Structures are given as structure tokens and as C-alpha cells.
Amino acid sequence: MNITITRTSSPKSKPNPEELGFGKYFTDHMFLMNYDREHGWHDARIVPFENLSLSPACAVFHYAQEMFEGLKAYKGANGKNLLFRPQKNIERMSNTNERLCIPPVDPDFALEAIKALVNVDVDWIPEGEGKSLYIRPFIIATDPFLGVHPSATYLFCIILSPVGAYYAEGINPVKIYVEDEYVRAVKGGMGFAKTGGNYAASLRAQQKAEEYGYSQVLWLDGIEHKYVDEVGAMNVFFLIDGELITPKLEGNILPGVTRDSVIELAKSFGVRVSERRLAIAEVFDAARNGKLDEAFGSGTAAVISPIGELNMDGEKVVINGGKIGALSQRLYDTLTGIQWGKVSDPFGWSVTV
Ligand code: COI
């Protein structure tokens, strides 16, 4: 399929790179493609970034039939513009689509569309430490129909946002509240899918944690409230007595691309890595016995976010003196080094745009 390109006649001025934050600014263009049953996915186009015009009856507004992804383009030290493991995001997109009854998108074409849009707005990839161009592909159900039913029509859109750090803390450790009332997802639900409903379900708990002075929540499993699931909008890792532990993928947590990369990198450092069930009681026992050495969240937006304090039912534990640990720092440096093309890429993760 061809992608037609219509360039804007009024390019925007670029934001100050030091004030980017996360997801506040958008580039000059976006990618659009429509689906209907007669034509399948069709009319792939790059057009000036503008508001969408949609019927208020569209299925996405009422029943949240949608998917989204998040990946980044980096201004590489080698002069190339780089993507990090985009095929993994596209693979997850396919799994989300399947769960949400959204028609599949050809994976090779999805990558072509991402590259084409980044190339059109290539001047928007910000330069400087920790800065990148966040890529947000998403698909929404557009049928103007109030019956609860998979939509017959869809819109696939990709937008781009120059970003700095996701959290105000940057690489500094965050304080985490162990959520005991609300749950994010259960096995059989949509926890493994990247879809807006999971994030809507997280907002109340996030708000509660902030009211208590914590920046994020640690989710426990939805059935027994006993096992660790995820933290905020990230996967989570604990270094206990030399073992780097992360919850295994059992359908209720997001299969993060950064999570997978951290596992590979840590193994390559010779660290013992376990993907297994981890009871929150084991984490607190380890902390009480001085064996909880490090903890951190991982995600595309946040990269590696060290955890400096946990609070469960009023019991507080400080991890590594509230400072980033040696392993977290090494993982951060290596991962971002590969992403920005500053260190060698033995896994072949970088893809040139
Ligand atoms: C990401 O890490 O890319 C995310 O999608 C997390 C969040 C911004 C929703």
C-alpha cells in the first residue's frame, strides 16, 4: 500500500528542548489510515497534524474499543536516527488488536508507516541527554452505533511528541504506595493488552497515592491481593539477595519491551534473573532482613525508574538508602547507551529510521 504525503504549509515553531516534559507538544504531521469491511485497511496518508472530526456516537467514546502503543525515535550518536525494537511494539499491537476485536494491521506495513512519519518530521527528534521523539500509534473504533458490538470501521493514527523525562523525578528514586483496595487487571481480562481501559482503571488508585504523598502505586494481583503485578504504568523488578525478580507474564501484566530488554541485559551481566510470582510479603521480609538491595520500574516512557521507598499499610521501607542502586544505574546506562547509539548493540535492537 502506498502512503501519500501532504506536507503542512505552516510548520510550528519547536518547543524549548529544556522544557519538553512528556507528551505536551506534537509535531507537524500525523499518519492516518481507515478500515472498513469492504476495503480493509486503506487510504494510508501522512497529513498535517490537526483535530479529528468524529461522530459523538463513535464506539470508542462509549465502549473504549481502542489500542495504543508507545515507542521512541532517538537522535543517535552515530548520526543516524534510531528506533528501539519497534518490531516488539508491533507484535504487542497485534496481540492487543486480537483481544479488542480490532482488525489486524500488517506488521511490516505498520513499521513502514512509523518510519515514514518519523522521516517527515525528522527535524522534531530532539537532541540532548534523555530526549527523544515519542511515537504514539493508536487505533479507535469509529462506528457511529450505540450497540455493544465490535465496530465495523476503524481509524489508525500515529502522532509524535518530542519528550524529555516522563516523571518529574527523572532518574531519581520514586516513592511507591502498595495499593490494597483497587486492582488493575485480572487474568482473563485485558491486563496484557495496551488499551486505554487499563489506564482509566488505574487513575483512582494513582490519585489516592498522590494524596498520600506517593508518586505511583504498586499493583497487587486482582484475586488474592498477594502477588506483585506492576508499578504505575511500568513493569517492576526487585533485586533480592542477588536475584533479580520480575513477575512472570501470566496474562494480567503488560509484556513491556523495556522489561524484556532489562531481562536480557541483566542476564548478559551475569545476574541471576527470575520471572516468577513474587509475594509482596517476600519483598517486605527481604527489606526487614536487609536483603532487598534495589527495586525499579521499567517502561518505554520512563526507561528505568528506581524505587526509593515502599509503603504498605503504613509500614515504610527505604530501599538502598533512597538512592539509585548500582545495577539499576548500569541497566539505565547500557539501555540508554544502546538507544542513543552510544555503546555497541550486541543484541541488534536498534533499527535505523
Ligand atoms: C509507555 O511507556 O510507552 C507507556 O505507554 C506508558 C504510559 C505513558 C501510558
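All of these numbers come straight from a predicted model, not from anything done at the bench.

*Asks:* Please set out the packing of aromatic side chains residue by residue, giving values where relevant.
*Replies:* Inspection of the entire model under this criterion finds 15 aromatic pairs. Here F347 and W349 contribute two aromatic rings whose centre-to-centre distance is 4.2 Å and whose plane-to-plane angle is 10°, an arrangement assigned as stacked. Since its relative accessible area comes to 6%, W349 is described here as buried. Every member of this aromatic cluster is reached through a ring pair, and the members are F31, Y35, W41, F109, Y154 and F156. When the ring centre of Y227 is taken as reference, the NZ or CZ atom of R277 above it lies at 5.1 Å. Over the face of the ring belonging to F269 we find R330, whose NZ or CZ atom lies 3.7 Å from the ring centre.

*Asks:* Describe the pattern of salt bridges, naming the residues involved and giving the relevant values.
*Replies:* Summed over all chains, the structure comprises 15 salt bridges. Its salt-bridge partner being E181, residue K208 comes within 2.9 Å of it at the nearest N-O pair. Within this pair, whereas K208 is found in helix α4 (residues 196-211), its partner E181 is found in the loop between β9 (174-178) and α4, the two being separated by 27 residues in sequence. Here R184 ties to E230 by a salt bridge, and the two come within 3.4 Å at their closest N and O atoms. Placement of the pair is R184 in the loop between β9 and α4 and E230 in strand β11 (residues 228-231), with a sequence separation of 46 residues. Note on R184: relative accessible area 10%, which makes it buried. E230 gets classed as buried once you look at its relative accessible area, which sits at 3%. Here the residues in one salt-bridge network are E179, D180, E181 and K208, joined through shared partners.

*Asks:* Residues and numbers for the site of the ligand, please.
*Replies:* F68, G70, Y134, R136, Y166, K194, Y199, A233, T300 and A301 make up every residue found near the ligand. Separating an oxygen atom of the ligand from a backbone N or O atom of T300 is a distance of 3.3 Å. Protein coverage of the free-state accessible area of the ligand, which is 280 Å², stands at 90%. Of the residues contributing to the shell around the ligand, the split by class is 6 nonpolar, 2 polar and 2 charged. Structurally, the shell around the ligand is a two-domain feature, drawing no fewer than three residues from each of domain 1 (4-163) and domain 2 (174-339).

*Asks:* For the environment of V353, give the residues involved together with the corresponding values.
*Replies:* With respect to the helices, strands and loops of the structure, V353 is situated in the segment after β18 (350-352). In this structure V353 comes out as buried when scored by relative accessible area, which is 19%. Not counting the four nearest positions on each side in its chain, V353 is found in contact with N81, L82, L83, K115, V118 and N119.

*Asks:* Which residues make up the domain arrangement of the protein, and what are the values?
*Replies:* Annotation of the protein at the domain level lists domain 1 (4-163) and domain 2 (174-339). For domain 1 and domain 2, the distance between their C-alpha centroids amounts to 27 Å. Counting residues at the interface gives 21 residues for domain 1 and 21 residues for domain 2. Summed over both partners, the interface of domain 1 with domain 2 buries about 1800 Å², with 60% contributed by carbon and sulfur atoms. When the area that domain 1 buries against domain 2 is broken down by residue, the three leading residues are F84, R92 and R99, summing to 35%. If you look at where domain 1 meets domain 2, you find 1 salt bridge. Between D260 and R85 there is a salt bridge, with its nearest N and O atoms 2.9 Å apart. There are 12 residue pairs in polar contact (both at pLDDT 80 or more) connecting domain 1 and domain 2. No other element matches helix α2 (residues 86-99), which puts 6 residues into the side of domain 1 that touches domain 2.

What counts, and where the lines are drawn
- Residues numbered from 1 in each chain as written.
- Predicted model: local features only at pLDDT ≥ 70, side-chain atom pairs only at ≥ 80, totals over all residues.
- Heavy atoms only, no water.
- Phe/Tyr/Trp six-rings, centres within 6.5 Å; stacked < 30°, edge-to-face > 60°.
- Buried < 20%, exposed > 50% of the residue type's maximum accessible area, 1.4 Å probe, protein only.
- Lys NZ or Arg CZ within 6 Å of the ring centre and 35° of its normal.
- Salt bridge = Lys/Arg side-chain N within 4 Å of Asp/Glu carboxyl O.
- Helix = DSSP H or I, 4+ residues; strand = E, 2+ residues; numbered from the N terminus.
- Near = heavy atom within 4 Å.
- Polar contact = N/O pair within 3.5 Å; in protein donor to acceptor, adjacent residues only side chain to side chain.
- Areas by Shrake-Rupley, 256 points an atom, 1.4 Å probe, with all protein chains shown as cover.
- Nonpolar A, V, L, I, M, F, W, Y, C, P; charged D, E, K, R; others polar.
- Domains from an automatic or database assignment.
- Contact = heavy atoms within 4.5 Å.
- Buried area = accessible area lost by both parts, 1.4 Å probe.

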